[in-house]
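This is what each chain is made of:
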Amino acid sequence: MFGDVGHGIIMAAFAFLMILFEKRLQYSKNEMVQNLYKGRYIIFLMGVFSIFTGFIYNEFFAIPLDIFGSRWKYTSESNMACGIDNCDVPSEVLPPLHPYPLGFDPIWKGSQNSLLFFNSYKMKFSIVIGVSQMVLGICLSCVNAKFFREPIDIWYVFVPQMIFMNSIFGYLVFLILFKWLKNWNSEACMSDPTCEPPDLKAILIGMFMSPGNVPPKLKLYDGQAFVQVLLLLAALVAIPWMLLPKPFLLKARFERTKYQIVKNNSDLETPASDVDSHHHGPFNFGDTMVNQMIHTIEFVLGAVSNTASYLRLWALSLAHAELSDVFLEKLLYTSIETGSPVGIVIGFSMWLCATIGVLMLMESLSAFLHALRLHWVEFQNKFYNLHGTGRKFAPFDFAELRQAETES
């Protein structure tokens with residue numbers, strides 16, 4: 001969802017009214033009202049989360065909220081701001097010692113590099129959310145394996161997948177958080193000419209292109225080269241670990257249970273059919289091997305594409321913020337600058353219509369569809385299709401119902 005306190009309040013209030021009058025709306029014959037009625041709790045949660053992220057981004061209808069007072073100030077000695085409690089030498093442009101208590105400092109909204117700053121944060125944050133959700137999906141595959149009593153899927157699917165995902169993209173999340181938490185303005189860092197925030201993309205690329213070699217400008221912590229080589233080896237080992245053991249173990253298990261002792265009145269040995277009890281179908285080693293190969297390739301390549309796909313969260317948030325700024329500046333602020341009461345009323349009406357129609361309806365629908373896609377593809381493919389192929393959807397049909405009643 002987008003992050004704006006004002007927009008979130010509108011959405012949460014609308015959903016709350018639907019919950020409050022749900023008994024009346026339950027019998028509405030309007031199709032659109034019925035669709036909104038069915039999703040009233042989801043819409044309410046979307047509004048609440050938008051309020052929360054709005055406080056993080058510090059936006060109220062695209063206007064920054066200066067609740068606690070900005071921790072930055074401008075001086076005549078520098079074109080850039082410095083911290084109000086760390087501005088003895090304004091030309092050094094030092095950050096405040098005590099940052100803004102909640103969310104972003106409101107001064108960032110009007111700064112010249114605000115777009116660069118917010119872009120960097122939202123891009124990294126979307127990666128953190130994406131990797132966390134995919135790791136959760138892999139953990140759910142372990143829960144499924146335990147439920148179906150399949151230790152093979154735990155040790156030869158779940159474990160190597162966790163190793164591969166966390167060796168590369170889990171490590172990327174670690175780098176993001178480490179870069180955020182490190183004090184780049186400490187005395188030790190300021191005295192070291194090589195101590196500067198590195199490009200995380202360059203670190204990840206260098207991890208594959210030149211393992212064991214970390215240039216000084218890309219160094220974040222001691223022992224980084226050894227750790228990256230170790231993680232790279234773990235990721236490489238995890239690929240054949242996912243691919244090879246499971247088909248051979250399934251074949252060995254099938255051979256052990258090919259003939260079963262059937263205890264009946266005659267105490268005869270009856271050969272079991274060539275059926276895999278887990279997948280409920282004829283066991284074929286070639287098909288099992290090909291299927292496992294497809295799953296392995298899909299997971300390895302999907303780990304990259306799925307992580308990149310979560311960047312749509314960054315794009316959606318950026319688009320919403322920029323549209324909010326455009327509508328606010330071009331419609332509302334421009335009409336206020338005219339000083340004409342009629343112009344102000346017209347400008348406010350246009351801004352309100354654009355906010356409701358574009359930002360609250362179209363943007364919300366877009367965010368919902370993208371979120372649905374991320375859940376269905378990037379998240380659920382980590383666990384949903386591991387044990388069997390599910391059940392084929394059969395739509396309700398009156399003709400089949402009447403036929404069944406006739407036959408009965």
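Not measured: the values here are computed from a predicted model.

Observations regarding the overall build of the protein
No. 1: Within the protein one finds 14 helices and eight strands.
No. 2: For a compact globule of 408 residues, the expected C-alpha radius of gyration is about 22 Å, and the protein comes in at 29 Å, more than 25% above that figure.
No. 3: Along the longest, intermediate and shortest principal axes, the C-alpha atoms of the protein span 100 × 65 × 25 Å.
No. 4: Counting over 408 residues, the protein shows a buried share of 38%.
No. 5: For the protein, the share of sequence-separated contacts (at least 6 apart) that also reach a separation of at least 24 residues comes to 67%.
No. 6: In the structure as shown, the protein presents an accessible area of about 25,100 Å², 67% of it carried by carbon and sulfur atoms.
No. 7: Across the protein, the 30 positively charged side chains and the 34 negatively charged ones have centroids separated by 6 Å.

With respect to the state of the cysteines
Cysteine pairs can be covalently joined through their sulfur atoms, and such a bond is termed a disulfide.
No. 1: Applying the stated criterion to the full structure yields two disulfides.
No. 2: Covalently, cysteine 82 is tied to cysteine 87 through a disulfide, its sulfur atoms 1.7 Å apart. Across the S-S bond linking cysteine 82 and cysteine 87, the dihedral sits near -60°, which makes this disulfide left-handed. Comparing cysteine 82 with cysteine 87, the two get one shared label, buried.
No. 3: The disulfide partner of cysteine 189 is cysteine 195, and the gap between their sulfur atoms is 1.8 Å. One quick way to see it: the torsion about the S-S bond of cysteine 189 and cysteine 195 is about -95°, and its sign makes the bridge left-handed. For the pair cysteine 189 and cysteine 195, a shared accessibility class is recorded, and that class is buried.
No. 4: With no disulfide partner, cysteine 139 has as its closest neighbouring cysteine sulfur the one in cysteine 142, 7.3 Å distant.
No. 5: For cysteine 139, a relative accessible area of 30% gives the class partly exposed.
No. 6: A residue is classified by how much of its surface remains accessible, and cysteine 142, at 10% relative accessible area, is buried.

A few points about the layout of surface pockets
No. 1: In this structure, the largest pocket encloses a volume near 2,000 Å³.
No. 2: Lining the largest pocket we find 38 residues, and of these Trp72, Pro95, Trp108, Phe117 and Asn185 sit closest to its centre.
No. 3: Of all the elements in the fold, those that place two or more residues in the lining of the largest pocket are strand 3 (72–75), strand 4 (78–83), helix 5 (114–147) and helix 6 (151–181).
No. 4: When the residues that make up the lining of the largest pocket are grouped by side-chain class, the tally is 23 nonpolar, nine polar and six charged.

Here's the deal with the confidence of the model for the protein
No. 1: Counting all residues, the mean pLDDT for the protein is 87, and 92% of those residues have values of 70 or more.
No. 2: In this model, residues 268–273 is a region of pLDDT below 50 whose contacts with residues beyond four sequence positions or in other chains number 11 contacts.

Examining unusual backbone geometry
No. 1: For phenylalanine 61, which is not glycine, the phi dihedral falls at a positive 55°.
No. 2: Relative to the assigned elements, phenylalanine 61 resides in the loop between strand 1 (59–60) and strand 2 (63–64).
No. 3: Under the relative-accessibility criterion, phenylalanine 61 is labelled buried at 18%.
No. 4: At alanine 62, a residue that is not glycine, the phi angle is positive and equals roughly 70°.

Describing helix 4 (residues 40–57)
No. 1: Its 18 residues give helix 4 an end-to-end C-alpha distance of 25 Å, which sits within 8% of 26 Å, the value for a rise of 1.5 Å per residue.
No. 2: All of the buried residues in helix 4 are Arg40, Ile43, Met46, Gly47, Ser50, Thr53, Gly54 and Tyr57. What you see down the axis of helix 4 is that its buried residues fit within an arc of 145°, all on one side.
No. 3: Looking one or two residues past helix 4, asparagine 58 carries a phi angle of roughly 60°, positive in sign.

Regarding the pairing of strand 3
No. 1: One ladder, built from three bridges, connects strand 3 with strand 4; its direction is antiparallel. Along strand 4, the bridge assignment pairs threonine 75 with serine 78.
No. 2: Linking strand 3 to strand 4, which pair antiparallel, is a turn of two residues.

What about the nonpolar core?
No. 1: Grouped together as the largest cluster of nonpolar side chains are 43 residues, with contacts concentrated most on Phe158, Phe164, Met165, Leu175, Leu200 and Leu220.
No. 2: If you tally residues by element for this core, the top one is helix 6, at 13 residues.
No. 3: Counting residues in each nonpolar core, the second largest holds nine residues, with Phe61, Ala62, Leu332 and Ala354 among its members.

Observations regarding the environment of glutamate 196
No. 1: Tracing the backbone through its elements, the reader meets glutamate 196 in the loop between helix 7 (187–190) and helix 8 (200–209).
No. 2: Accessibility expressed as a relative area gives 35% for glutamate 196, which makes it partly exposed.
No. 3: When the C-alpha positions of glutamate 196 and leucine 218 are compared, they lie 8.5 Å apart, and in sequence the two are 22 residues distant.
No. 4: When near neighbours in sequence (up to four residues on either side) are disregarded, glutamate 196 contacts Trp184 and Lys217.

Description of helix 12 (residues 312–338)
What sets the pattern is the α-helix's 3.6 residues per turn: residues three or four places apart point alike.
No. 1: Helix length check: helix 12, at 27 residues, gives a terminal C-alpha distance of 38 Å against a target of 39 Å (1.5 Å per residue), a fit within 8%.
No. 2: The sharpest bend along helix 12 measures roughly 30° and falls at glutamate 329.
No. 3: Listed as buried for helix 12 are Leu316, Ser317, His320, Ala321, Ser324, Asp325, Phe327, Leu328, Leu331, Leu332 and Ser335.

Rules of the game
Residues numbered from 1 in each chain as written. Predicted model: local features only at pLDDT ≥ 70, side-chain atom pairs only at ≥ 80, totals over all residues. Heavy atoms only, no water. Helix = DSSP H or I, 4+ residues; strand = E, 2+ residues; numbered from the N terminus. Rg over C-alpha atoms; globule rule 2.2 N^0.38 Å. Buried < 20%, exposed > 50% of the residue type's maximum accessible area, 1.4 Å probe, protein only. Contact = heavy atoms within 4.5 Å. Areas by Shrake-Rupley, 256 points an atom, 1.4 Å probe, with all protein chains shown as cover. Lys, Arg positive; Asp, Glu negative; His and termini not counted. Charge placed at Lys NZ, Arg CZ, Asp CG, Glu CD. Disulfide = S-S within 2.5 Å. 1 Å grid on protein atoms, 1.4 Å probe; cavity = no way out; pocket = protein on both sides within 12 Å on 5 of 7 lines; lining within 4 Å. Points joined across faces, edges and corners; volume = space filled by probe spheres on them. Nonpolar A, V, L, I, M, F, W, Y, C, P; charged D, E, K, R; others polar. pLDDT = per-residue confidence, 0-100. Expected span 1.5 Å × (residues − 1). Arc of directions from axis to C-beta. Pairing = 2+ DSSP bridges. Core = buried A, V, L, I, M, F, W, Y, C linked by side-chain atoms within 4.5 Å. Bend = angle between axes of the 7 residues up to and from the residue.

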